[in-house]
Amino acid sequence: MKRHLGSRKAVGIAAASALALTVTACGGGNDAGRGGDAAEGAPSPGITDTSVTLGITTPLSGATAGPGTCTVAGVTAYMGMKNAEGGIEFGDGKTRTVEIEALDDTYDPQQAKANYDQLKDDVFAMTAGLGTPTNRAWLDAAIADEVPQVLIMTGDPIFSETEQSPWQLGFVPIYQNEGEAFGELLATSTEEHKVAILAQNDDYGEGYVEGFKSAIEGSDNIEIVDELTYEATDTSVDAQLTELANSEADIFFNAMSVTPLMISALQKAQQLGWTPSWFLPSNTSSPTAILEPGGAAAYPGIYSVSFSKAPQSPAFAEDEDVQTYLSALKDYGNYPDPPAFPHCQWSWMVGATLEQAFQNMEEPTRDSFMEALRSIEGYEAPLMLPDTSVSTGEDGQPAVSTVVVQKFNGRGYDTVETFE
Amino acid sequence: MARVMTAPASSPSSPSSSWRRRPWVRWATPLLIVAVLAVLPLVGTEFQNETLARIGVFAVAVLGLNVVMGYTGQVSLGQIFFLGFGAYVTAYGVSQDWNIVLVFVLACLLPAAAGLLVALAAARLGGLAIAMVTIALPIVGVPLAKRLNEYTGGSQGLSARFAESPEGSGLYDDQWTLYLVIAIGGVVFLLTHFLVRGKYGRAFAIVKGNENVAASMGISPYRYKVLAFTIASAIGGVSGFLYMLVIQYTSPETMSFGHSIELLAAMVIGGAASIVGSLLGGAFYVLVPQLTNQVDASLTALLQGAILLVVLFVLPGGLASLPRALTRGRRRLRAGRGPAAPPTTPSSTPGSGTAAEQPETERQGHA
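Conventions we followed
Residues numbered from 1 in each chain as written. Chains lettered and ligands numbered in written order. Predicted model: local features only at pLDDT ≥ 70, side-chain atom pairs only at ≥ 80, totals over all residues. Heavy atoms only, no water. Helix = DSSP H or I, 4+ residues; strand = E, 2+ residues; numbered from the N terminus. Buried < 20%, exposed > 50% of the residue type's maximum accessible area, 1.4 Å probe, protein only. Contact = heavy atoms within 4.5 Å. Areas by Shrake-Rupley, 256 points an atom, 1.4 Å probe, with all protein chains shown as cover. Phe/Tyr/Trp six-rings, centres within 6.5 Å; stacked < 30°, edge-to-face > 60°. Lys NZ or Arg CZ within 6 Å of the ring centre and 35° of its normal. Expected span 1.5 Å × (residues − 1). Polar contact = N/O pair within 3.5 Å; in protein donor to acceptor, adjacent residues only side chain to side chain. UniProt positions renumbered as here; feature names shortened; annotations may be inferred. Patch = residues over 30% accessible without salt bridge, like charges linked within 9 Å, V, L, I, M, F, W, Y side chains within 5 Å. Salt bridge = Lys/Arg side-chain N within 4 Å of Asp/Glu carboxyl O. Lys, Arg positive; Asp, Glu negative; His and termini not counted. Charge placed at Lys NZ, Arg CZ, Asp CG, Glu CD. Core = buried A, V, L, I, M, F, W, Y, C linked by side-chain atoms within 4.5 Å. Domains from an automatic or database assignment. Axes fitted to C-alpha atoms, helices over the stretch in contact; angles between N-to-C directions. Left-handed = near helix turned anticlockwise from the far one by under 90°. Nonpolar A, V, L, I, M, F, W, Y, C, P; charged D, E, K, R; others polar. Pairing = 2+ DSSP bridges. Right-handed = clockwise from strand over helix to strand, strands pointing away.

Caption draft 1: Representation of the overall build of chain B. Helix and strand counts for chain B stand at 17 helices and 2 strands. Taking all 367 residues of chain B together, the buried fraction comes to 51%. Counting contacts in chain B only where the partners sit at least 6 residues apart, residues at least 24 apart contribute 75% of the total. As displayed, chain B offers around 16,500 Å² of accessible surface, 68% of which is attributable to carbon and sulfur atoms.

In structure tokens, the structure reads:
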């Protein structure tokens with residue numbers, strides 16, 4: 001009996017492996033590209049004479065689904081619009097339409113790697129995906145396979161170090177860029193300032209603080225009076241705020257990426273009677289989602305950084321870029337609502353930047369694409385704010401490394417030149 | 001190849017029920033499996049091999065969970081912590097250029113030691129209390145991994161590539177990786193198979209069934225719970241090693257609590273207290289996201305939930321109970337067609353003779 005069951009179980013295992021094989025066979029591509037290097041100048045995978053396919057792995061479900069969906073919607077809308085116009089004329093003289101294959105990774109690095117494995121032989125380049133760990137998970141694999149992993153949405157500097165990451169390029173400013181922009185603005189002030197710093201205890205917080213400190217170096221009128229950290233998993237920063245409030249700083253540099261914590265921090269400082277000017281990171285400075293519930297009107301100034309026009313802002317209601325963008329998002333991006341996250345705008349700019357690279361690449365190869373992508377200089381993508389641009393040539397910097405500092409005006413943000 | 005594959009797959013539907021008892025079948029089946037596993041990496045495409053390797057990783061993780069939960073009946077929600085721990089040990093060891101065999105041993109032993117420590121305290125508790133203690137593991141693990149950034153790379157995580165196929169083997173990296181996963185995973189599966197069918201397995205089953213009965217038979221429930229938990233942690237560590245081998249990257253996200261629940265769901269769906277079920281659970285864990293991604297990438301969570309519900313409604317015993325359910329269904333159909341026809345065998349009456357005749361498969365039903 002025992003033996004009988006044993007072999008029965010064995011049959012089960014065999015059946016299971018057969019099943020697994022057939023199921024993966026359904027999802028599998030051909031094994032073109034494995035090992036064998038293509039001949040010089042031969043087209044790379046994912047590009048034909050009439051079309052090019054781009055891959056995206058990004059969170060489309062789970063806690064980061066909101067921004068993640070935006071990262072797909074923007075570029076899909078841009079390319080949809082271009083396809084409707086007939087396609088993009090490439091540097092080799094052929095006009096191609098752009099297809100996009102997006103997969104959900106739920107912000108799970110393991111799933112992101114799986115998605116990459118699935119896409120790599122079918123797509124010309126990977127782009128626009130959101131998340132630091134989810135992009136890092138296949139960084140080495142992309143280098144080994146020589147698959148472009150470009151214009152991705154992470155502030156992690158590693159993707160912009162050409163030496164370390166030859167097939168990568170980040171799109172959004174790295175954390176240091178944002179911190180630096182704050183520091184530079186503050187350095188324009190002639191008054192004495194005391195700064196209190198609260199930073200997330202990871203590469204995000206460290207990057208911000210590093211950039212900020214480098215910019216205020218040598219400014220004698222600015223003094224950092226207290227500097228504390230918190231963990232991204234903390235549910236409260238009340239203790240840190242109480243201590244920082246005692247420093248009586250008039251500037252509060254808060255490198256915080258957690259939305260609920262930011263709201264409660266804005267509320268707590270008021271309760272403590274501490275009303276400094278705040279510097280907020282770009283991803284936790286939404287007027288409706290954070291500043292309003294946080295009661296930001298109580299503070300003399302709320303500053304943040306940006307490089308994209310806010311479509312909801314009345315200042316841009318008549319803007320031609322914004323109108324094109326909003327209608328394309330609705331028609332081609334499968335995103336009928338007004339965009340809730342700046343990632344939608346960023347993704348749109350990724351589309352425009354890719355178009356620039358496509359127009360300049362002379363051969364339908366990934367090598368040629370990377371070369372063209374790395375030689376974009378001072379390109380003002382649609383939706384970009386004045387004084388910001390896409391420049392891809394500088395080692396160690398992402399495609400967009402310039403940001404402008406903006407001050408909260410009660411409803412939206414206005415760009416400021418000096419600190420008042 | 002296709003002929004070899006289809007032979008075992010189609011055989012359960014063969015009308016002859018005695019063929020399995022023939023000696024040549026008993027010997028040929030394991031040989032056939034070994035042959036299939038040996039050939040498999042050579043014929044698959046790169047993506048198929050990578051997917052199979054990933055299935056192997058999570059099948060081992062689910063197997064570990066099965067030891068403590070399926071076979072011993074202790075709710076553990078912390079299995080992903082041991083996978084993550086093993087992955088971090090591996091990544092750190094590789095980054096320090098330690099011998100890979102030493103790294104593997106450490107990736108088993110350190111999680112096992114951690115599991116032992118936790119179990120010494122947790123196994124004194126029963127029922128849901130042990131579940132609460134094990135919940136703490138991933139919840140503590142994530143911030144710990146972020147904070148110990150000297151060893152873990154903080155929230156940016158650690159990459160390690162150490163599975164380049166050896167020079168002269170002529171294998172592609174993905175084939176070599178899959179062979180390693182099959183070899184290591186296969187050994188773990190075999191060892192676990194013998195463990196749960198032997199003396200320890202019987203003790204685990206009694207502890208699961210009734211702790212008082214176990215104690216009255218001279219089986220210390222505490223000791224066996226600790227043992228099961230430690231073994232599960234060690235297996236978790238092995239799956240962490242395989243995780244690094246296949247995915248080559250780990251970050252605090254690896255051990256987030258949600259994945260622990262997903263592992264649990266995979267175990268129940270595959271079939272609790274079943275070796276084959278662990279394999280099916282691993283396949284479920286890996287293939288369902290791929291499948292739902294192909295259907296509609298923006299509805300993956302919804303579709304996965306729906307699939308989970310459907311499987312549990314249709315097959316409460318998990319996918320491993322599918323053949324049994326089919327047999328039962330066929331018999332019922334046959335009985336329904338001819339009311340006069342008596343059941344072919346006494347055991348066909350559901351629930352009566354099965355307990356005595358099919359101890360292994362019956363246990364699956366309790367999950």
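Caption draft 2: Molecular detail of the packing of aromatic side chains. Here the structure, examined in full by the defined rule, presents 32 aromatic pairs over all chains. Linked through ring pairs, Tyr175, Phe182, Tyr204, Tyr208, Phe212, Phe253, Phe279 and Tyr303 of chain A together constitute an aromatic cluster. When the ring centre of Phe90 of chain A is taken as origin, the NZ or CZ atom of Arg96 of chain A, which lies over that ring, is 4.7 Å away. Geometry around Tyr222 of chain B places Arg124 of chain B over its ring, the cationic atom sitting 4.5 Å from the centre.

Caption draft 3: Spotlight on helix 9 (residues 259-271) of chain A. Residue and element names in this part refer to chain A. Counted at 1.5 Å a residue, the expected span for helix 9 with its 13 residues is 18 Å, and the 19 Å between its end C-alpha atoms agrees. Where helix 9 is concerned, the buried positions are Leu261, Met262, Ile263, Ala265, Leu266, Lys268 and Ala269. Tucked inside the fold, the buried residues of helix 9 contact strand 8 (222-230), helix 8 (238-246), strand 9 (251-255), strand 10 (277-279), helix 10 (287-294) and strand 11 (302-306). Downstream of helix 9 by a residue or two, Gly273 has a phi angle that is positive, lying close to 75°.

Caption draft 4: Highlighting the side chain of His259 of chain B. Within the fold, His259 of chain B resides in helix 12 (residues 257-270). Since its relative accessible area comes to 7%, His259 of chain B is described here as buried. There is a polar contact of 3.4 Å between the side chain of His259 of chain B and the backbone oxygen of Glu253 of chain B. Beyond its immediate chain neighbours, meaning those up to four positions away, His259 of chain B contacts Asp108 of chain A together with Ile80, Glu253, Thr254 and Tyr285 of chain B.

Caption draft 5: View of the UniProt feature "transmembrane region" (unreviewed entry) in chain B. Residue and element names in this part refer to chain B. In the UniProt entry, the feature "transmembrane region" (unreviewed entry) is given for residues 24-45, 51-68, 100-120, 127-145, 176-196, 226-251, 263-287 and 299-322. End-to-end, the C-alpha atoms of residues 176-196 are 30 Å apart, and along that stretch the chain is 100% helix and 0% strand. Secondary structure within residues 263-287 divides into 84% helix and 0% strand; the distance between the first and last C-alpha atoms comes to 13 Å.

Caption draft 6: Fine view of the side chain of Thr300 of chain B. The residue Thr300 of chain B is located in helix 14 (residues 300-314) in this model. The exposure class of Thr300 of chain B is buried, given its relative accessible area of 2%. Setting aside its immediate chain neighbours within four residues, Thr300 of chain B contacts Ser61 and Asp104 of chain A together with Thr292 and Asn293 of chain B.

Caption draft 7: Structural context of a negative patch on the surface. On the surface, a cluster of negative charge is made up of Glu146, Glu362, Glu363, Asp367 and Glu371 of chain A. Residue placement: Glu363 of chain A occurs in the loop between helix 12 (342-360) and helix 13 (366-373).

Caption draft 8: Summary view of unusual backbone geometry. Residue and element names in this part refer to chain A. Positioned with a positive phi, Thr106 is a non-glycine residue whose angle comes to about 50°. Relative to the elements of secondary structure, Thr106 occurs in the loop between strand 3 (95-104) and helix 3 (109-119). Judged by its relative accessible area of 33%, Thr106 is partly exposed. For Ala128, which is not glycine, the phi dihedral falls at a positive 65°. Here Ala128 is to be found in the loop between strand 4 (125-127) and helix 4 (132-136).

Caption draft 9: Inspection of the nonpolar core at higher detail. Ranked by size, the top nonpolar core spans 84 residues in total, and within it Phe171, Phe253, Phe279, Phe358 and Phe369 of chain A carry the most contacts. In terms of residue count, the dominant contributor to this core is helix 12 of chain A (9 residues). For this core, the domains that each give at least three residues are domain 1 (43-172 + 307-400) and domain 2 (176-306) of chain A. Sequence-distant contacts of Phe279 of chain A, defined by excluding residues within four places in its chain, comprise Phe182, Leu185, Leu186, Phe212, Ile251, Phe252, Phe253, Asn254, Tyr303 and Phe419 of chain A. Formed by 80 residues, the second largest nonpolar core is a distinct cluster that contains Met69, Ala91, Ala119 and Ala232 of chain B.

Caption draft 10: How the structure looks around the packing of helix 6 (residues 175-187) of chain A against helix 7 (residues 203-216) of chain A. All names here are of chain A. Two elements in contact, helix 6 and helix 7, have axes whose closest approach is 6 Å; the angle formed by their N-to-C orientations is 35°. Where helix 6 crosses over helix 7, the handedness of that crossing is right-handed. Side by side, helix 6 and helix 7 meet where Tyr175, Gln176, Glu178, Gly179, Glu180, Phe182, Gly183, Glu184, Leu186 and Ala187 of the first sit next to Asp203, Tyr204, Gly207, Tyr208, Glu210, Gly211, Phe212, Ser214, Ala215 and Ile216 of the second. Of the residues in the contact of helix 6 with helix 7, the class split is 9 nonpolar, 6 polar and 5 charged.

Caption draft 11: Structural detail: the pairing of strand 7 (residues 193-200) of chain A. Residues and elements named next belong to chain A. Counting buried residues along strand 7, 7 of its 8 residues qualify, which places the element largely inside the surrounding structure. Sheet analysis places strand 7 next to strand 8, joined by 8 bridges and oriented parallel. Following the sheet pairing, Gln200 is matched in strand 8 by Tyr230. The handedness of the strand 7 to strand 8 crossover, carried by helix 7, is right-handed. Note: strand 7 against strand 9, 5 bridges, orientation parallel. Among the inter-strand pairings, Val195 is bridged to a residue of strand 9, identified as Ile251.

Caption draft 12: Just the environment of Leu128 of chain B, in detail. With respect to the helices and strands, the residue Leu128 of chain B is situated in helix 6 (residues 127-147). Put simply, Leu128 of chain B and Ser76 of chain B are 52 residues apart on the chain and 9.3 Å apart in space, counted from C-alpha to C-alpha.

Caption draft 13: Structural detail: the pattern of salt bridges. Summed over the entire model, instances satisfying the criterion amount to 16 salt bridges over all chains. Note that Glu231 of chain A and Arg147 of chain B form a salt bridge whose closest N and O atoms lie 2.7 Å from each other. Residue Glu231 of chain A is located in the loop between strand 8 and helix 8, and its partner Arg147 of chain B is located in helix 6; the two belong to separate chains. Here Asp321 of chain A ties to Lys309 of chain A by a salt bridge, and the two come within 3.7 Å at their closest N and O atoms. Remark: Lys309 of chain A occurs in the loop between strand 11 and helix 11 (320-331) and Asp321 of chain A occurs in helix 11; sequence separation between them is 12 residues. According to the relative accessible area criterion, Asp321 of chain A is partly exposed, its value standing at 28%.

Caption draft 14: Highlighting the sheet that holds strand 7 of chain A. Residues and elements named next belong to chain A. The strand order across the open sheet built from 7 strands is 8-7-9-10-11-12-13, with neighbouring strands paired in mixed fashion. Two strands bound the open sheet, and with one partner strand each, they are strand 8 and strand 13 (413-415). Taken pair by pair, the neighbouring strands of this sheet meet at an average axis angle of 25°, ignoring direction. Here 2 bridges tie strand 10 to strand 11, and the two strands are oriented parallel to one another. When the sheet's bridge partners are listed, Trp278 is paired in strand 11 with Ile302. Across the face of the sheet, helix 6 comes into contact with strand 7, strand 8, strand 9, strand 10, strand 11 and strand 12 (404-408) while running at roughly 130° to strand 11. Together, strand 7, strand 8, strand 9 and strand 10 form the strand contacts of helix 7, whose direction differs from that of strand 7 by roughly 160°.

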